[in-house]
Number of protein chains: 2
Amino acid sequence: MVVCLRLPSLTSSLFSPATTNSLRRSPALLGRWSGPRQFQPHSPLFSASTQGTAATETTSEDRVDGNSKNRMSNNPDRVITPRSQDFNAWYLDVIANAELADYGPVRGTMVIRPYGYAIWEAIQEFLNVKFKETGHSNMYFPQFIPYSFIEKEASHVEGFSPELALVTIGGGKELEEKLVVRPTSETIVNHMFTQWIHSYRDLPLMVNQWANVTRWEMRTKPFIRTLEFLWQEGHTAHATPEEAENEAIQMINIYTKFAYEQAAIPVIAGRKSRVETFAGASKTYTIEAMMGDRKALQAGTSHNLGQNFSRAFGTQFTDENGQRLHVWQTSWAISTRFVGGIIMTHGDDAGLMLPPRLSPIQVIIIPIWKKDAEKMEVLNAASSVKEVLQTAGFKVKLDDSDVRTPGWKFNFWEMKGVPLRIEIGPRDVSSRSVVISRRDVPGKQGKVFGISMEPSILEAYVKEKLDEIQSSLLGQATSFRDSNIVDVSSYDELKVAISRGKWARGPWSASDEDELKVKEETGATIRCFPFQQPQGIKTCLMTGNPAEEVAIFAKSY
Amino acid sequence: MVVCLRLPSLTSSLFSPATTNSLRRSPALLGRWSGPRQFQPHSPLFSASTQGTAATETTSEDRVDGNSKNRMSNNPDRVITPRSQDFNAWYLDVIANAELADYGPVRGTMVIRPYGYAIWEAIQEFLNVKFKETGHSNMYFPQFIPYSFIEKEASHVEGFSPELALVTIGGGKELEEKLVVRPTSETIVNHMFTQWIHSYRDLPLMVNQWANVTRWEMRTKPFIRTLEFLWQEGHTAHATPEEAENEAIQMINIYTKFAYEQAAIPVIAGRKSRVETFAGASKTYTIEAMMGDRKALQAGTSHNLGQNFSRAFGTQFTDENGQRLHVWQTSWAISTRFVGGIIMTHGDDAGLMLPPRLSPIQVIIIPIWKKDAEKMEVLNAASSVKEVLQTAGFKVKLDDSDVRTPGWKFNFWEMKGVPLRIEIGPRDVSSRSVVISRRDVPGKQGKVFGISMEPSILEAYVKEKLDEIQSSLLGQATSFRDSNIVDVSSYDELKVAISRGKWARGPWSASDEDELKVKEETGATIRCFPFQQPQGIKTCLMTGNPAEEVAIFAKSY
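The notes below deal with the structure included here. (Residues numbered from 1 in each chain as written. Chains lettered and ligands numbered in written order. Predicted model: local features only at pLDDT ≥ 70, side-chain atom pairs only at ≥ 80, totals over all residues. Heavy atoms only, no water.)

The partner chain A presents 74 residues to the 73 residues of chain B that form the contact. Taken over both partners, the interface formed by chain B and chain A buries close to 6,100 Å², and the fraction arising from carbon and sulfur atoms is 60%. On the chain B side of the contact with chain A, Tyr140, Phe144 and Arg201 of chain B bury the most area, a combined 11% of that side's loss. Counting across the interface, chain B meets chain A through two salt bridges. One salt bridge connects Glu121 of chain A with Lys132 of chain B, and the closest N-O pair in it is separated by 3.2 Å. At the surface where chain B touches chain A, the tally comes to 23 residue pairs in polar contact (both at pLDDT 80 or more). Of the residues contributing to the side of chain B that touches chain A, the split by class is 34 nonpolar, 24 polar and 15 charged. Sheet analysis places strand 5 (residues 165-170) of chain A next to strand 5 (residues 165-170) of chain B, joined by five bridges and oriented antiparallel. Bridge pairing in strand 5 of chain B links Ile169 of chain A to Leu166 of chain B. (Contact = heavy atoms within 4.5 Å. Buried area = accessible area lost by both parts, 1.4 Å probe. Salt bridge = Lys/Arg side-chain N within 4 Å of Asp/Glu carboxyl O. Polar contact = N/O pair within 3.5 Å; in protein donor to acceptor, adjacent residues only side chain to side chain. Nonpolar A, V, L, I, M, F, W, Y, C, P; charged D, E, K, R; others polar. Pairing = 2+ DSSP bridges. Helix = DSSP H or I, 4+ residues; strand = E, 2+ residues; numbered from the N terminus.)

What follows is the structure in structure tokens.
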């Protein structure tokens, strides 16, 4: 592999590495920036026409304050709020600037823009294959559920009724029974399963759907908690409790592997406490991710539903001995919330940082020319590099606009989180080489000159670098996570850890009431009892009684 | 290629070609049929628990009469109603037996079951690539639209307001403004476009979403017209009317090509009359398909929206001269209705017949053994054939269940519309060959013995046969279509043609009132003014005035 340093070329002299971080979108760099095309700011507030109509309530999280408004104004040299200064403002800035999402006209709804949706598509593509490999079929259940269905499973209705959107008028007439816009589909799934399941030969029944769901949330935040969101929901029915348990575990394991290997998010997988278990489940398994502000994000869940829904809906089968038995069930889901998790795990002051395996663009190519005479040969070389990498299966984009300067483009694609940047100037064309920069290593250190354009060398180099970035992101997130989890053995230690913004891990066998007390007094909840448990004798941090497991406490989204 | 006839083997003697058509699911054949697994009938009516609650109205098409109820009863030897006897009953039987869909608990809603959904996934896979190739990005708009949006475009509200589902309660509170569950997204799209489009550099803006939509239809029919359905809706904005027109034409062309080449449906592409134009469009282009009962199905539409929505929503851009102008727009859609179109185009008395390119299973392998001693070698050979074909990229399934007889399996997979069947018995194993039957050619004629198992030969044969079936289906549908279109030159001729169940094609330049009169008197509407027009001077069939175009009249779904 040909990797060598070279003297500063046009590339590096025009845009020294320092530029990248210090002169971000300064007026000087934006001299040729002649329109609001890319950094088009848009108000995160509701448009005048609908504000105060469908928008029934607005909370501190789903609107911006005066300061943020300023940040969102039509000022081309504005910057992204530093992450350390205001994490929430940074998050909203990244979403707006990287054009991931926008606010819908109805309070708490979100428009997922093409770049954000492409991340979701990458998530779908991976998981969809895994679901099929493990024997699940996709299908589609209607989103309107008779209100009476929701009431059939006692804890389910208790959990969901405050969040329901109800259709009461259809085709101009008041409906006899209100319809729930699905917040989740266990009830309608069981209604249908009851018609399809008859004997043990119909089991296991394992299906999944990619769908939108609606929960009337009061505190909303793009991707993390929106009134409507996209997800997949798996639903299965089994003949025995063991099979259902195995399925629930299998699916949380698939989510865990996905989080680690694709999203580079070192989630902690475990079991939810009784208090935090899904409304209607016997057990809920979860993957919990630590965001950049050290708050926990529940990033995916898998529920062992036991016979709760099958008893409520009469979902029975005839076993080999002719006995009628209720089926054992699971459900499991990952949603567009995961996109928020990626942003808040890897992003930095420069903006988004995407794990290569889920990045809609893995390599951005930026051609650099000064004189018109150079333009053609540079663009030709850039196109052929693009062609080579595309053919090799990489997701590549060539930014050949001549409205923007290369410096503007550097910043822009850095902000969009593209893992690798290839620069090609006239000197590179002469030497048949390119300059490659890593998004995750700022400045000179991340920049290597003189990578040969020879297809086999270039492909191998790009592959190696993308793999390096992928594991480096995971490594960094893992270190960050581990340095922010504190082992505690008393409630006082827990309180200190939480007050310092950390996660607290300690033995727990106390009551639900004690758990709620912790929440009330510290703002932290049990995120999970991790599957990976330390060895040795454990004493409950709250009661001093013997404990079988440690729990992780944290503030969360 | 080794293709030769051989003497009747175990295969053919056990299940003579005649069996296929005459002994369908007779009690004899079903001797070993020990449970309601595959042919499980399910009532197409609403379950007792919800009937008459959410179900506000039931029409002749969305429920079955006494007769049909019988057909749907728990009788294992029931057959599919012959297509010629009752097309609608046949259609519902095929959907139930092939497990394509089921009725949801709310009137007019549909559950798309895995086999039906897999056809939709094949449609999605193909179109999604085409949309991206032509520069469109996927994204997602919220499904809740403030009611006031719908009212902004005058003809849009007129067209859609009778069909709306309205959310009036959210999170336990009465909403200040009712929310429409999207029937289509032009209004919310324009609301957002207005925030994203500023200068000519932001154009064209070309997006698509795969989503569910809701229309409160009174007469429903699985796939064809349901209260909620799945579709893709493309939305674009352009700087000039020419660009918008080109886009609308480009997309109807993509749909046309898709219908011909993937679905083997010889649609007629053309322009809708003013009366039939989409509510809010300047022009609507359509593809019209002839179903097996000779009714027309509007299978996809592409609208040139002109400036209707951009004026209503103020979607403007600044052109190169600094002038503010309204954008020119298009929208275009294909829905799960298309699955219904496939069923009703190709299906026959034996059930579904799927075009190979959209079939979830292209090749079904059925192992045949009598003695237990034969079982292992037959199954091994069947598995290795499956492996070979799968590796070659075909969608293959091996039905190795030993609960069913081969005869039962033949009928079952025929009914499911799988294009090719491979039979492997002990004699085939000895001769290293297989028997291959075509779904579209019944009996002996479609059956070829002695196809070598040698991978390259088998692959080439399967590929050739699938291609043949694909074009044969298109050919048959085209002949059927062409033999059922009658050229008419007077209203009397039109009436005769329509009364005979045919499509009538004739010159038309009469008024909207005349068009509505035709509908009232004959039940037929103008399906389209086809793009392909006959040469020569034309005289309006209704008025005798000069006409520029012929129109196609037909009864439709």
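Here the narrative resumes, following the displayed structure.
All names here are of chain B. Strand order across the open sheet formed by five strands is 16-15-17-18-19, with mixed pairing between neighbours. Two strands in the sheet have a free side with no partner beyond their single neighbour: strand 16 (396-398) and strand 19 (447-452). With direction set aside, neighbouring strand axes in the sheet form an average angle of 25 degrees. For strand 15 (residues 363-367) and strand 17 (residues 420-424), the ladder comprises five bridges, and the chain directions are parallel. Paired with Val363 across the strands is Leu420, a residue of strand 17. (Axes fitted to C-alpha atoms, helices over the stretch in contact; angles between N-to-C directions.)

Whenever strands of a sheet pair, they do so through backbone hydrogen bonds, lying parallel or antiparallel. Residue and element names in this part refer to chain A. In space, the eleven strands of this open sheet follow the order 3-7-8-14-11-10-9-22-25-21-20, with mixed pairing throughout. Every interior strand has two partners, whereas the edge strands, strand 3 (137-138) and strand 20 (485-487), have only one. Its contacts with the sheet place helix 9 (residues 241-261) against strand 7 (205-214), strand 8 (228-238), strand 9 (268-271), strand 10 (283-290), strand 11 (296-306) and strand 14 (328-335), and it is angled at close to 15 degrees to strand 14. The strands that helix 11 (residues 337-346) touches are strand 10, strand 11 and strand 14; relative to strand 11, the one it contacts most, it runs at about 145 degrees.

All names here are of chain A. Core analysis: the largest hydrophobic core is formed by 66 residues, its most contacted members being Ile123, Leu127, Phe223, Phe338 and Ile343. Top contributing element to this core by residue count: helix 5 (residues 114-133), with nine residues. Two domains each put at least three residues into this core: domain 1 (94-346) and domain 2 (363-464). Other than its neighbours up to four places away in sequence, Ile343 contacts Trp90, Tyr91, Val94, Ile95, Leu100, Phe223 and Leu352. (Core = buried A, V, L, I, M, F, W, Y, C linked by side-chain atoms within 4.5 Å. Buried < 20%, exposed > 50% of the residue type's maximum accessible area, 1.4 Å probe, protein only. Domains from an automatic or database assignment.)

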